[in-house]
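Below, each chain spelled out in residue letters.
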Amino acid sequence: MATVTAEGRTPPTFDALFARTPVMAILRGHTPARTVALCERAWSVGIDVVEVPIQSPEAVASLQAAVEAAASAGRVVGAGTVTSAERVRRAADAGAVFTVAPGFDPAVTAASRAAGLPHLAGVATPSDVQAALADGQTWVKAFPASVLGIGWFAAMRGPFPGLPLVATGGIDAHNARDYLAAGARVVAVGSALDDPRQLDLLAELTAG
């Protein structure tokens, strides 16, 4: 049975969010107009899920613009860099459907759960993974993926078989397949999207 929050929201699941594509776009530090333009470009090549980090108050306006565009396009947008309960509140108020953080904080996961938002916590060690799993997380974000290395994902298959990992940090269209082959379920691409060629190359992954 799906969980329903006190506000009456039925939270989506990451299984459902990432069912159609193994790629998520991270749009950090753009103006609202630029954020919407990049969202629309990502959606056009099959990248359904977009994260807009809210590391500053100004970034919330970009998240809100993306959420409004997503509502018209039948897509979803989440909030990234959600490192406090206050940022969870801002994300929920802006209409985000999930939250993401660079690390694991039980207080943040609890706030997201209470708001009806699935939370993607960051991990970098087996201890991080165990703590996140004990907290009830079913997906985790491996960050920073380029520092952890491809071998880290293969190694995690042993103690945590089947755990869905989202590789984040240093991912682009040229190495994304390597991370997926090593065990990542999803790759999240951020700063690489400043190169307009990246989305077209990533479209090959969304097509299987």
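First, a word on what this report is: a plain description of the structure on this page. The model shown is predicted, which means the values in this text are computed figures rather than measured ones. (Residues numbered from 1 in each chain as written. Predicted model: local features only at pLDDT ≥ 70, side-chain atom pairs only at ≥ 80, totals over all residues. Heavy atoms only, no water.)

**Remarks on the environment of G95**
For clarity, the threshold we go by: Note on conventions: DSSP H or I runs of at least 4 residues are helices, E runs of at least 2 residues are strands, and numbering of each starts at the N terminus. The buried label goes to any residue with under 20% of its type's maximum accessible area, the exposed label to any with over 50%, and the partly exposed label to all in between, with areas taken from a 1.4 Å probe on protein chains only.
The residue G95 is located in the loop between α4 (85–94) and β4 (99–100) in this model. Judged by relative accessible area, G95 falls into the partly exposed class, the value being 31%. Along the sequence, G95 and L133 sit 38 residues apart, while their C-alpha atoms lie 26 Å from each other.

**Some words on the packing of aromatic side chains**
Rules: Planes of paired rings set the category: under 30 degrees apart is stacked, over 60 is edge-to-face and the rest tilted, where pairs are Phe, Tyr or Trp rings (Trp by its six-membered ring) whose centres lie within 6.5 Å. Whether a charge lies above a ring is judged from NZ of Lys or CZ of Arg, which has to be within 6 Å of the ring centre and within 35 degrees of the ring normal.
Using the criterion set out here, one finds 6 aromatic pairs in the structure. Measuring from centroid to centroid gives 6.3 Å for F14 and W139, while their planes differ by 50 degrees, and the two rings are tilted. Placement of F14 in helix α1 (residues 14–17) and of W139 in the loop between α6 (126–134) and β6 (140–142) is noted, with a sequence separation of 125 residues between them. W139 carries the same exposure label as F14, and that label is buried. A ring pair is formed by W152 and F153, whose centres lie 5.2 Å apart and whose planes are at 75 degrees; its orientation type is edge-to-face. Given the relative accessible area of 0%, F153 is considered buried. An aromatic cluster of three or more residues is present, and its members are F14, F18, F98 and W139. We note K141 situated over the ring of F143; from NZ or CZ to the ring centre the distance is 4.9 Å.

**Observations regarding unusual backbone geometry**
Across the junction of F143 and P144, the peptide omega takes the value -5 degrees, indicating a cis bond. Despite not being glycine, T81 has its phi angle at roughly 55 degrees, a positive value. Counting through the fold element by element, T81 comes out in the loop between β3 (76–80) and α4.

**Some details on the pattern of salt bridges**
The line we're drawing: Every case where a carboxyl oxygen of Asp or Glu lies within 4 Å of a side-chain nitrogen of Lys or Arg is listed as a salt bridge.
Under the counting rule described, the total for this entry stands at 8 salt bridges. Here E86 makes a salt bridge to R89, at a shortest N to O gap of 2.4 Å. You can see E86 and its partner R89 sitting in helix α4, 3 residues apart, about one turn around the helix. Note on R89: relative accessible area 42%, which makes it partly exposed. R113 is the salt-bridge partner of D135, the closest N and O atoms lying 3.5 Å from each other. Here R113 lies in helix α5 (residues 106–114) and D135 lies in the loop between α6 and β6, a separation of 22 residues in the sequence. Looking at D135, the relative accessible area reads 21%, which means it is partly exposed. Linked through salt bridges whose partners overlap, the residues forming this network are E86, R89, R90 and D93.

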